[in-house]
Amino acid sequence: MNQLEPLPLSVIVLTLNEERHLPGCLESVRGLGRQLLVVDSGSTDRTVEIAQAAGAEVVTHRFVDFPSQRNAALELAREPWVLFVDADERVSPQLAAEIRAALARVDERVAGFWIPTQNWMWGKWIRGGGWWPDEHLRLLRVGRARYRTDIAVHEVVELDGEAQHLAAPLVHLNYDSRREFVRKQLHYARLAARSLVLQGKRPRRRTFLGQPLREFWRRFVTLRGYRDGLDGLFLATMMAFATLVTWILVARHWRRFAVRRSHRVPELTEPATLDVSVVIVSYRSREHLPACLDSVRQSLAASQLSGEVIVVDNASPDGSAQFVATHYPWVRLVANPTNRGFAAAANQGMRLARGRVVVLLNPDTRLVGDALVRLVRFLDEHPTAGAVGPRLRYPDGRTQPSRRRFPTVLTGFLESTLVQDYWRDNWILRRYYVADRSDDDVQEVDWLVGACLAIRRQALATVGLLDERFFLYSEEVEWFWRLRRAGWRVYYLPEAEVVHVEGGSSEPESAFRQVAFDTAKVQLFRSMYGPLAAEALRLFLLLTYLLRFAREAAKWLVGHKRALRWRRMVRDWRAFRSLLRPRVVRRWAERG
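Residues numbered from 1 in each chain as written. Predicted model: local features only at pLDDT ≥ 70, side-chain atom pairs only at ≥ 80, totals over all residues. Heavy atoms only, no water.

## Some thoughts on the packing of aromatic side chains
Short version of the rule: In this analysis, rings of Phe, Tyr and Trp, with Trp reduced to its six-membered ring, are considered paired at centre separations within 6.5 Å, and the interplanar angle assigns stacked below 30 degrees, edge-to-face beyond 60, and tilted for intermediate values. Secondary structure is summarised from DSSP: a helix means a run of H or I of at least four residues, a strand means a run of E of at least two, and numbering begins at the N terminus for each. The classification of residues rests on relative accessible area computed with a 1.4 Å probe and restricted to protein chains. Under 20% of the type maximum is buried, over 50% is exposed, and intermediate values are partly exposed. Two thresholds decide whether a charge sits over a ring: the Lys NZ or Arg CZ must be within 6 Å of the ring centre and within 35 degrees of the ring normal.
Enumeration according to the criterion identifies 25 aromatic pairs in this entry. Aromatic pair F216 and F220: ring centres 5.4 Å apart, planes at 20°, arrangement stacked. Taken as a pair, F216 and F220 lie in helix 6 (residues 207–222) at a separation of 4 residues, close to a single helical turn. Between the aromatic rings of F549 and W573, the centroid separation amounts to 5.9 Å while the plane-to-plane angle is 50°, which identifies the pairing as tilted. One end of the pair, F549, is in helix 18 (residues 531–557); the other, W573, is in helix 19 (residues 562–578), and 24 residues separate them in sequence. For F549, a relative accessible area of 27% gives the class partly exposed. One aromatic cluster is present, built from ring pairs that chain together W122, W131, Y175, F181 and F234. In this structure, R219 packs its charged tip against the face of W131, placed 5.2 Å from the ring centre. The ring of W588 has R574 lying over it, and the distance from NZ or CZ to the ring centre is 4.3 Å.

Given below as structure tokens:
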């Protein structure tokens, strides 16, 4: 191969920590094409070093999903043809020769070639069960091939032209062990369940028996898995089991959906006639609203998006509603006679929204530049994304942490509690705050702080609006919990930036804020982990109030900042007396 002239071909390998497989892959394609390109997703091992040593051009590209990564790689190709090879695959000499012959005589009508894959599992070539020939479109004409971004697993190529078939195989060193195979199929089962949910598929009783049996029969009999003996029997059985797991997960989702409907989580009512609807919930926000609304108006004016702005005011005593009505007549204003809480007010705005994308925006925020356009464009380009949030910045320019993993039971006993006051730097909270990942990278997350969130309308239609049992705080966590379990993905987009004056509408020392936050946390844990975990957390938090009260009282007795200590003693005592009951939060809010 080395003595032959390289083809007008870009050989592209996608990598992430592939130091074990990459040397053999690159050796198998040496001299085949004029461009050897490795598109890396941020490897932390020797992958990049190995690629550069082999003479490959290395480009680091932030990973969102496989179709997007492959489409980005297609844009980097300098040759008229592209051959995609995974790091654990090898181009056989026979395949290299056939590619040369095919490109030498290719017709202009041809836009791609199917290549069979020879799958090796735990050292054995698997010939039956659909594993051979396992054909994929890997040789593509640049400019006439594109990966569908709505299919995140087992990518699908759309061709502008015909496709032909090659006979020589691409060798795939697939699984080293049966345990690895089982783990991967269960992962695929979760992804398949999400896809079925998004399609509205519901299982019947016979599904749980019929679908696994059908898959076993197809793999073992129709596709002749029996040719591989006990290995074929194992593979067919595990594929049938993965099918069963898929439908169990789908059924579990619809059961949760029924529970949600019984709790009367509201849904959208207005049709989509605009590109974007910006919904702002206001309470005591007159100081911040002008900068917020002006930034939204400027962002919409600078874009080609059709949009609207809806402000829902929760009976602000500072005249916020009257201010908006007087100075911003182009805003759709909803003035509530009482404070209904954030979730209920946000739902009022979202029910009125006519945008295909709904942006929930805090009044103490300010959009920077084209942040709004970037958020909407990201959702347009990534159909599996249900929501995306920007980088939040403090007014002084520092990045404000906004990415989160879902809280574990242990997280609830640490985050924003007395324990965190004395044990701030611990691995549990670092994981919760996603401190192990750079805030400069586009990334998939569990949930995002709700100061600015762009939500796809289809996602809202799938999971419903916010749960109005949450008065203030944690409502977005519960909503993201539903969103992720329904199969939608959530992303953080640092290129879109929003300035956020954290806590601009509440007083940090108030008993109301403390009680509202912790009450919502208990409600969240009841939804996520059940009543036992929720009650244990509630009792723990009440105990911390007494301990904090004792700490502040001791400092008051020795004369240390007595005014401050007294305010905190009152706060902690009132918080303890609330018993963290939702009705207490609502009663306090009604009193203003």
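Right, picking up where we left off after that structure.
## Side note on the nonpolar core
For clarity, the cut-off: For the purposes of this section, nonpolar cores are sets of buried Ala, Val, Leu, Ile, Met, Phe, Trp, Tyr and Cys residues that join through side-chain atoms within 4.5 Å. Any pair of residues with heavy atoms lying within 4.5 Å of one another is described as a contacting pair.
By size, the foremost hydrophobic cluster in this structure holds 48 residues, and its most contacted members are M350, I455, L466, W479, F480 and L483. Each residue touching W479, except ones within four places of it in the same chain, is listed here: A387, I455, L460, V463, G464, L465 and L466.

## A closer look at unusual backbone geometry
The linkage connecting W132 with the following residue, P133, adopts the cis geometry, with an omega of -10°. By secondary structure assignment, the location of P133 is in the loop between strand 7 (124–125) and strand 8 (134–141). Its identity as a non-glycine residue notwithstanding, W122 has a phi of 40°, on the positive side. Within the secondary structure, W122 sits in the loop between strand 6 (110–121) and strand 7. Judged by its relative accessible area of 16%, W122 is buried.

## Some details on empty space enclosed by the protein
Counted only if it meets this: Buriedness of a pocket was judged along seven lines, with at least five required to meet protein on both sides within 12 Å; pockets are open sets of points on a 1 Å grid over the protein atoms alone, cavities are sets where a 1.4 Å probe fits but cannot get out, and lining residues have an atom within 4 Å of a point. Grid points are joined across faces, edges and corners, and a volume is the space filled by probe spheres set on the points. Classification used: nonpolar for Ala, Val, Leu, Ile, Met, Phe, Trp, Tyr, Cys and Pro, charged for Asp, Glu, Lys and Arg, polar for all others including Gly.
Applying the stated criterion across every chain, the model contains 2 cavities of 30 Å³ or more. Its boundaries defined by the atoms lining it, the largest cavity holds a volume of some 60 Å³. If you go around the largest cavity, the residues you meet are R469, F471, L472, A516, T519, A520, Q523, P582, V585 and R586. Of all the secondary structure elements, the ones that give two or more residues to the lining of the largest cavity are helix 17 (511–529) and helix 20 (582–590). If one sorts the elements of the lining of the largest cavity by residue count, helix 17 sits on top with 4 residues. Looking at side-chain class alone, the lining of the largest cavity contains 6 nonpolar, 2 polar and 2 charged residues. Of all the elements, helix 7 (residues 229–262) adds the most residues to the lining of the second largest cavity, at 3 residues.

## A look at the pattern of salt bridges
Put simply, the test is: Every case where a carboxyl oxygen of Asp or Glu lies within 4 Å of a side-chain nitrogen of Lys or Arg is listed as a salt bridge.
Under the defined criterion, the tally for this structure stands at 44 salt bridges. Residue E75 is joined to R146 by a salt bridge in which the shortest nitrogen-to-oxygen separation is 3.0 Å. With E75 in helix 3 (residues 66–76) and R146 in strand 9 (residues 145–147), this residue pair connects regions lying 71 residues apart in the sequence. Judged by its relative accessible area of 39%, R146 falls in the partly exposed class. R391 serves as the salt-bridge partner of D440, at 3.1 Å between the closest nitrogen and oxygen. Of this pair, D440 sits in the loop between helix 14 (427–432) and strand 21 (443–444) while R391 sits in strand 18 (residues 385–393), and the two are 49 residues apart along the sequence. Residue R391 is classed as buried on the basis of its relative accessible area, which comes to 7%. Within this structure, R70, D86, E89, R138 and E155 form a network of salt bridges that share partners.

On their own, these measurements won't tell you what the molecule is for.
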